[in-house]
Amino acid sequence: MKEWYDKINNTRSVGSLEKIRIAVFGKKGILAEKFAQMKTAKNDEKAQIAKELNTYKSSLMNEYVAKKITLQTLELQAAMQAESIDVSLHSSKSQTGALHPVMETMDRIVEYFASMNFAVKTGNMIEDDFNNFEALNLPKYHPARDMQDTFYFKDEMLLRTHTSPVQIRTMMSTKPPIRMIAPGAVFRRDYDLTHTPMFHQVEGLLVEEEGKVSFANLKYILEDFLKYMFGDIEVRFRPSFFPFTEPSAEVDISCVFCSGKGCRICSKTGWLEVLGCGIVDQNVFEAVKYKNVSGYAFGLGVERFAMLIHQIGDLRSLFEGDIKLLEQFQ
Ligand code: PHE
C-alpha cells in the first residue's frame, strides 16, 4: 500500500494527481476493491480489516488533499508568470494615424481660398427646400432639380445636396460685399463606381457692387487655384448650365494621368472635368433681397480632387477606412 503514498508524492501535475485519485478513491478504485474483498473475510476478522482500511483511506486522503493544494498553487504561480505583461517593454510596431486624403485635400483647398481672403462658412446638413433649391432659382417641379437626386424628410426638409444653402444663408444674414467658401458634406441618392450617397464639396461665392465682377475675374482665380492644386496643367472652360449661374461653365484640366495624351481615365479626351462655375443669376440675388450687385460662384467635389491628386482609382476605397490605404498618407 505504500506505493500509493509514493505515487501521490511524486506527482508533478494536477492532471496526473486526478488520475491517481480516480485509481484510489474512485468507484472502481483500489479502496473500493479492498472493501469489497472484506465481505469474503472471516466474521471475526472483518472489524479489524475495516478499521485498518479506514485508517489507511483517511491518511491517503490527507496526503492527496495536501498534494493537490501544493500542485494547484505551483501551477497558478507558473501561469501568472507566463501571462504577465511587462508594461515597460518597448513595442516596436505602433501604427501612426494620418489625415484622411479627403480631409487633407479639403484643407489644401481651404488654405488656398483663405489666403485669397475668402471667409470659411459652414452650415447645417439638414436643410429646407427654400435654402437648398428655391432661393437658388430652382422652383418646385423645375426639371433641373433632377440633376441632384435628393433625400427628403417630412415637411419639405431634406439632406443638403450641395453646400450652396450656406451661401444663401450667409447672404440673407449679411450685407454685401461677400467673399466666402463653404466646405462640407453633401448628400445625393446615388451609388455607383463614381458616386457615393455622401461626399464633400467646397463651393465659393463672391459678391460685389454691380459691374465690379466679371467672368474674367472668375477665370483668373480658378486657373490660379487649379495650378496650385495640380501643378503644371492646362485649364479650359466649357459652356454649361446651372440654374443658379448665367452664364455657366464647366472647367476641365489636362489629364493628370496621361498629361493630355488621352487614356482610359480621361476617356481618350485628354481632359478631366473638375469644377462647375458661373456668374450668379440675378434671380438668386432677388431671392435674398440683394440689389445692384454682381458676383461669381463655383463648386467642386473634394473626393474627385483627392482621387486625381493621389491617383486613386476607385472612389469607394475612400470610404472603406482600410488601414492599408490610409497608411500611405502619413
Ligand atoms: N452647386 C453646384 C452643384 O452642387 C455646384 C456649383 C456651384 C456650380 C456654383 C456652379 C456654381 O452641382
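Reference entry: report on the structure contained in this document.

Parameters and conventions
Residues numbered from 1 in each chain as written. Predicted model: local features only at pLDDT ≥ 70, side-chain atom pairs only at ≥ 80, totals over all residues. Heavy atoms only, no water. Pairing = 2+ DSSP bridges. Helix = DSSP H or I, 4+ residues; strand = E, 2+ residues; numbered from the N terminus. Salt bridge = Lys/Arg side-chain N within 4 Å of Asp/Glu carboxyl O. Buried < 20%, exposed > 50% of the residue type's maximum accessible area, 1.4 Å probe, protein only. Phe/Tyr/Trp six-rings, centres within 6.5 Å; stacked < 30°, edge-to-face > 60°. Lys NZ or Arg CZ within 6 Å of the ring centre and 35° of its normal. Near = heavy atom within 4 Å. Polar contact = N/O pair within 3.5 Å; in protein donor to acceptor, adjacent residues only side chain to side chain. Areas by Shrake-Rupley, 256 points an atom, 1.4 Å probe, with all protein chains shown as cover. Nonpolar A, V, L, I, M, F, W, Y, C, P; charged D, E, K, R; others polar.

### A word on the sheet that holds strand β4 (residues 178-187)
- Spatially, the seven strands line up as an open sheet ordered β1-β4-β5-β9-β8-β7-β6, and their pairing is mixed. Unpaired on one side and paired on the other, β1 (119-120) and β6 (235-242) mark the two borders of the sheet.

### Description of the pattern of salt bridges
- Across all of its chains, the model carries 13 salt bridges by this definition.
- Across the pair E3 and K7 runs a salt bridge, and its minimum N-O distance is 3.8 Å. Taken together, the residues span about one helical turn, with E3 and K7 both in helix α1 (residues 2-10) at a distance of four residues.
- Classification of E3 by relative accessible area gives partly exposed; the value is 46%.
- Residue class for K7 comes out partly exposed when judged on its relative accessible area of 38%.
- D252 is the partner of R236 in a salt bridge, and the nearest nitrogen-oxygen pair spans 2.9 Å. In this pair, R236 sits in strand β6 while D252 sits in strand β7 (residues 245-254), placing the two residues 16 residues apart along the sequence.
- R236 sits in the partly exposed class, given a relative accessible area of 31%.
- In this structure, a network of salt bridges that share partners links the residues D129, E134, K140, R145 and E156.

### Remarks on the packing of aromatic side chains
- Applying the stated criterion across every chain, the model contains 14 aromatic pairs.
- On the basis of an interplanar angle of 75 degrees and a centroid distance of 5.3 Å, the ring pair of F113 and F118 is categorised as edge-to-face.
- Its relative accessible area of 0% is what places F113 among the buried residues.
- Pairwise contacts between aromatic rings join Y112, F113, F118, F225, Y228, F230, Y296, F298 and F305 into one cluster.
- The ring centre of W4 lies 4.3 Å from the NZ or CZ of K7, which sits over that ring.
- One cation-aromatic arrangement involves R316 over Y191; the distance from NZ or CZ to the ring centre is 5.5 Å.

### Quick look at the site of the ligand
- The local shell around the ligand holds 14 residues, among which H162, S164, R188, Q201 and E203 are the closest.
- Between the ligand and R188, the relevant distance is 2.9 Å, taken from an oxygen atom to a side-chain nitrogen or oxygen of the residue.
- Measuring from a nitrogen atom of the ligand, one finds a side-chain N or O atom of E203 at 2.6 Å.
- Here the ligand loses 91% of its free accessible area of 320 Å² to cover by the protein chains.
- For the shell around the ligand, the secondary-structure elements that each account for two or more residues are β5 (198-209), β8 (271-280) and β9 (293-301).
- Broken down by element, the shell around the ligand gets its largest block of residues, three residues, from β9.
- Residue composition of the shell around the ligand, by class: five nonpolar, seven polar and two charged.

Fair warning: the whole summary comes from geometry, so function is off the table for now.
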